[in-house]
Amino acid sequence: MSQLEKSSLTFQCETGNYHTFCPISCVAWLYQKIEDSFFLVIGTKTCGYFLQNSMGVMIFAEPRYAMAELEESDISAQLNDYEELKRLCLQIKNDRNPSVIVFIGTCTTEIIKMDLEGIAPKLEVEVGIPIVVARANGLDYAFTQGEDTVLASLIQRCPTEFIEKKEKTQTFFSNLNLFTKNKENLESEKNLKSLPLILFGSLPELIANQLQLELENQNIKIAGWLPTKTYLELPTIEEGYYVCGVNPFLSRTATNLIRRRKCKLISAPFPIGPDGTRAWIEKICSIFNIEPNGLEERENNIWKSLESYLPLVKGKSVFFMGDNLLELSLARFLIRCGMIVPEIGIPYLDKRYQEAEINLLEETCKKMNVPLPLIIEKPDNYAQLKRIEKYRPDLVITGMANANPLEARGINTKWSVEFTFAQIHGFTNARDILELVTRSLRRKNYVQSFCEKELVE
Ligand code: SF4
């Protein structure tokens, strides 16, 4: 409780001895998002085993990703990397004909210093398909940061100016459409300002559309989204454009947009939970001098719709062991729901990129009058388990490695990876977050009615 008196958050760094997914796992959701892409992971059998096991049933659905498994002779440089990759790319071209091939570098390609960035441009000309290189290896990154490395590499492929011909065709067709549109549509389109704003972060199409619609309700029409549904539709990014992230793990993408494309970053809390979504929209509105309309009422209505869940979580404590970088945003939302968070573990924290989220977390703690959480970057799972044993939180959000052992010791857990794959963004999906968080609490209530006994002595 000594944290209650502290006026600002405490940040610590531990040993980095923690469980998380390897960042190459990002291929699983990115190949689904970018429909004309193909991901080639260049690594060893270790990477292959990981992908095969972690992606579960997905591997039976002929996914658009594959492993280029390095052999002894590759590693000892007896084979020619260029020729080997060319053979694979031609095979991919024949079988799938994608619009882009993404090379995913792994720990092994880092250690043997395979020059993927040097090989790709030459191969691209020979094979006739764009090749993007992303180093999503386990040496440098954790889990969701894999997406960050891919998006950061895609930035250089975004066009810088409108293709005149395309624009002309569009104008011609939009002129034709004028005759068919009704008066109402015309009125609403007239009011929408298309602003130089690019949103970045990979979300399922449905969620991306929902967020876009929320902004359109405030008269903000975005100029593009990174990534897009297809590689061929990547948005135009000009110098001076505003950019805003939808996920907390995209700091490298944000840095590349600022440094390479001279964009202006809108630092806003992330649209997770009704409080975060409102703050995100408000911040974007404030940049464009737009008075937000009806947001307070919209947020209040969402909180009302969550009323059935709130008594289940109110006053309960939740401990984040940390493995996917969504922790700060989720903790802030759960504190707003009435929970207490003693510790937030996080693999990597870019304080500049997450500045607005950190501020909102601090404000929320003060508003809810709860102790400020301890934020641990690069946590040590062993030390965390000791702290969990001492604190005995009501819920631990953790990976599969620790979940069952903790459950057997009478501590409730929620598997953290589900937050990455569930739909948690925007106003309407706040219910899904609480559904996930309360599932094990509800189960515990149910099980307790049978047996109170712990299963491990
Ligand atoms: S941590 Fe390295 S070796 Fe392991 S799966 Fe990831 S890229 Fe491959």
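These numbers come from a predicted model, not from an experiment. (Residues numbered from 1 in each chain as written. Predicted model: local features only at pLDDT ≥ 70, side-chain atom pairs only at ≥ 80, totals over all residues. Heavy atoms only, no water.)

## Regarding the nonpolar core
Point 1. Counting 106 residues, the largest nonpolar core has Ile-104 and Trp-280 as its most contacted members.
Point 2. Beyond its immediate chain neighbours, meaning those up to four positions away, Trp-280 contacts Leu-199, Leu-211, Leu-215, Cys-244, Gly-245, Val-246, Ala-268, Pro-269 and Pro-271. (Core = buried A, V, L, I, M, F, W, Y, C linked by side-chain atoms within 4.5 Å. Buried < 20%, exposed > 50% of the residue type's maximum accessible area, 1.4 Å probe, protein only. Contact = heavy atoms within 4.5 Å.)

## With respect to the sheet that holds strand E11 (residues 264–265)
Point 1. One open sheet holds the 4 strands; their spatial order is E9-E7-E10-E11, and the pairing between them is parallel. Every interior strand has two partners, whereas the edge strands, strand E9 (224–226) and E11, have only one.
Point 2. Against the sheet, helix H11 (residues 251–261) engages strand E7 (197–200), E9, strand E10 (242–245) and E11, with an angle of about 155° to E7.
Point 3. Helix-sheet contacts for helix H12 (residues 273–287) involve E7 and E10, and the interaxial angle to E10 is about 175°. (Pairing = 2+ DSSP bridges. Helix = DSSP H or I, 4+ residues; strand = E, 2+ residues; numbered from the N terminus. Axes fitted to C-alpha atoms, helices over the stretch in contact; angles between N-to-C directions.)

## Quick word on the site of the ligand
Point 1. Around the ligand, the surrounding shell consists of Cys-22, Cys-47, Thr-106, Cys-107 and Gly-138.
Point 2. The class makeup of the residues in the shell around the ligand is 3 nonpolar, 2 polar and no charged. (Near = heavy atom within 4 Å. Nonpolar A, V, L, I, M, F, W, Y, C, P; charged D, E, K, R; others polar.)

## Focus: the confidence of the model for the chain
As a note on interpretation, predicted positions should not be read in detail where pLDDT is low.
Point 1. For the chain, the mean per-residue pLDDT works out to 88, and 88% of the residues sit at or above 70.
Point 2. Low confidence marks residues 1–5, where pLDDT is under 50. Its contacts with residues over four positions away, or in another chain, come to 9 contacts.
Point 3. Across residues 163–190, confidence stays below pLDDT 50; counting only partners more than four residues off in sequence or on other chains, it has 4 contacts. (pLDDT = per-residue confidence, 0-100.)

## Describing helix H10 (residues 205–216)
Point 1. Here H10 contains 12 residues, and its C-alpha end-to-end distance of 16 Å stays within 8% of the 16 Å for a straight helix at 1.5 Å per residue.
Point 2. Taken together, the buried positions of H10 are Ile-207, Ala-208, Leu-211, Glu-214 and Leu-215. Each buried residue of H10 lies within a common arc of 120° when the element is viewed along its axis, so the set occupies one face. Facing away from the buried side of H10 by over 90 degrees, the exposed positions are Leu-206 and Leu-213. (Expected span 1.5 Å × (residues − 1). Arc of directions from axis to C-beta.)

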